[in-house]
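# An overview of the molecular structure
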Amino acid sequence: MPELLVRLGDQTHPLHDCCWVEWAPCGCAVSVVMAAMHDGARALPTEDDARRHLEPHKRAHEKQIREGYRLELMPMDRYRAEVDLAVSCPHPKGPTSQQTLDAATPTGGDA
C-alpha cells in the first residue's frame with residue numbers, strides 16, 4: 001500500500017503519524033485514535049471515517065455532532081505537546097482513567 005500523506009496547515013505528514021482527536025463541547029479532548037497504522041491495516045483519512053470508527057452507531061454520532069462534539073486531525077508531535085489525554089483534562093478522572101495508571105497515584109495496598 002502506498003504511503004498516505006495529509007496536508008495540515010503548511011506541512012505534509014504521513015497519515016500514520018497523525019491522529020484524530022475528539023473534542024467535547026466544553027473544550028476537553030475526550031478520545032483519540034490513530035489516523036492510520038504503519039502496516040496499512042487501517043486508515044481513517046476522513047473525519048467521517050474517524051467518527052464511524054469511534055462511534056459505529058450513526059444515530060449516536062449524529063447526536064454527538066448536534067451536541068457540539070468535533071474531530072480534529074493533527075500530527076502526533078502536536079498531540080503530545082498540546083493535548084495528551086492523560087494530563088490535559090481539568091475534569092476529575094474516573095476510576096478506570098489514565099490517572100489510576102500514573103505512578104504518582106496510589107493504587108491501593110501499602111501506598
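Residues numbered from 1 in each chain as written. Predicted model: local features only at pLDDT ≥ 70, side-chain atom pairs only at ≥ 80, totals over all residues. Heavy atoms only, no water.

Among the secondary structure elements, Asp 84 is positioned in the loop between helix H3 (76-83) and helix H4 (85-88). Spatially, the C-alpha atoms of Asp 84 and Val 21 are 9.9 Å apart, while their sequence positions differ by 63 residues. (Helix = DSSP H or I, 4+ residues; strand = E, 2+ residues; numbered from the N terminus.)

Moving on, we come to the sheet that holds strand E3 (residues 18-23). Judged by pairing direction, the sheet is antiparallel, and its three strands sit side by side in the order E4-E3-E5 without closing on themselves. The open sheet is flanked by strand E4 (29-34) and strand E5 (70-75), the only strands paired with a single partner. Across the sheet, the axes of successive neighbouring strands diverge by a mean angle of 25°, strand direction being ignored. Pairing of E3 with E5, which is carried by six bridges, proceeds in the antiparallel orientation. Counted as the bridge partner of Cys 18 is Pro 75 from E5. (Pairing = 2+ DSSP bridges. Axes fitted to C-alpha atoms, helices over the stretch in contact; angles between N-to-C directions.)

A separate point is the environment of Tyr 79. Relative to the helices and strands, Tyr 79 resides in helix H3. Overall, the relative accessible area of 10% leaves Tyr 79 in the buried class. When the C-alpha positions of Tyr 79 and Val 32 are compared, they lie 9.3 Å apart, and in sequence the two are 47 residues distant. Residues within four places of Tyr 79 in sequence aside, it is in contact with Cys 19, Val 21, Val 32, Met 74, Asp 84 and Leu 85. (Buried < 20%, exposed > 50% of the residue type's maximum accessible area, 1.4 Å probe, protein only. Contact = heavy atoms within 4.5 Å.)

Confidence along the protein chain averages 79 in pLDDT terms, with 75% of residues attaining 70 or more. Within the protein chain, H4 has the poorest average pLDDT of any element, 61, and E5 the best, 95. Contacts of residues 95-111 to residues separated by more than four positions or lying in other chains number eight contacts, the stretch itself having pLDDT below 50. (pLDDT = per-residue confidence, 0-100.)

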